[in-house]
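The lines below spell out each chain.
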Amino acid sequence: MAQWDKRYLCLYGVSLSLGYCKDTFNAAVEELKERHFGFEPDDPVILHREEMKAKVGPFSVLKDDQKNAAFRKDFLRLVDDSRFRGFAVLIDKLSTGSR
């Protein structure tokens with residue numbers, strides 16, 4: 001596999017209590033997205049890793065080093081302040097014969 005960053009697939013999920021998700025977490029995520037990427041009700045921002053990494057679409061603002069640092073700081077604060085269980089499955093595509 002020529003591109004090392006394409007060799008592995010990680011599926012990551014979180015488990016939150018329904019009440020906490022409704023009352024706290026959803027609002028915190030929406031506030032983070034609106035603060036850093038604006039608000040467009042007909043085209044909401046989805047925090048998609050590949051687009052964020054490539055800094056395309058609404059994430060093009062992250063090309064600015066100060067805005068990128070501010071987003072990362074706020075995102076890590078959100079993760080640190082949130083109550084959830086995380087779980088991941090990591091797949092080595094070479095071991096499955098996938099290309």
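Use the structure listed above.
Below: a short report on this structure. If you're wondering where the values come from, they're calculated on a predicted model, not measured in any experiment.

1. Let's talk about the nonpolar core
Core analysis: the biggest nonpolar cluster contains eleven residues, these being Tyr20, Phe25, Val29, Leu32, Phe37, Val45, Met52, Phe59, Leu62, Phe71 and Leu78. Mapped by element, the contributors of at least two residues to this core are α1 (18-37) and α3 (65-81). Looking at this core element by element, the count peaks at five residues for α1. Those residues in contact with Met52 that sit more than four places away from it in its chain are Leu47, Phe59, Leu62 and Phe71.

2. A look at the environment of Arg83
Within the element layout of this structure, Arg83 appears in the loop between α3 and β2 (85-92). Expressed as a C-alpha distance, the spacing of Arg83 and Val29, which sit 54 residues apart in the sequence, is 13 Å. Sequence-distant contacts of Arg83, that is, excluding residues within four places in its chain, are made with Leu16 and Tyr20.

3. What to know about the pattern of salt bridges
Enumeration over the complete set of coordinates arrives at six salt bridges. Put simply, Arg35 and Glu31 hold a salt bridge, and the shortest N to O gap is 2.2 Å. A residue pair is termed a helical-turn pair when its members lie 3 or 4 positions apart in one helix, as Arg35 and Glu31 do in helix α1 at four residues. Accessibility expressed as a relative area gives 38% for Glu31, which makes it partly exposed. Two residues, Arg35 and Asp74, come together in a salt bridge whose shortest N-O distance is 2.4 Å. With Arg35 in helix α1 and Asp74 in helix α3, this pair connects stretches of sequence that are 39 residues apart.

Conventions we followed
Residues numbered from 1 in each chain as written. Predicted model: local features only at pLDDT ≥ 70, side-chain atom pairs only at ≥ 80, totals over all residues. Heavy atoms only, no water. Core = buried A, V, L, I, M, F, W, Y, C linked by side-chain atoms within 4.5 Å. Buried < 20%, exposed > 50% of the residue type's maximum accessible area, 1.4 Å probe, protein only. Helix = DSSP H or I, 4+ residues; strand = E, 2+ residues; numbered from the N terminus. Contact = heavy atoms within 4.5 Å. Salt bridge = Lys/Arg side-chain N within 4 Å of Asp/Glu carboxyl O.

No statement about biological role is implied by the geometric values presented.
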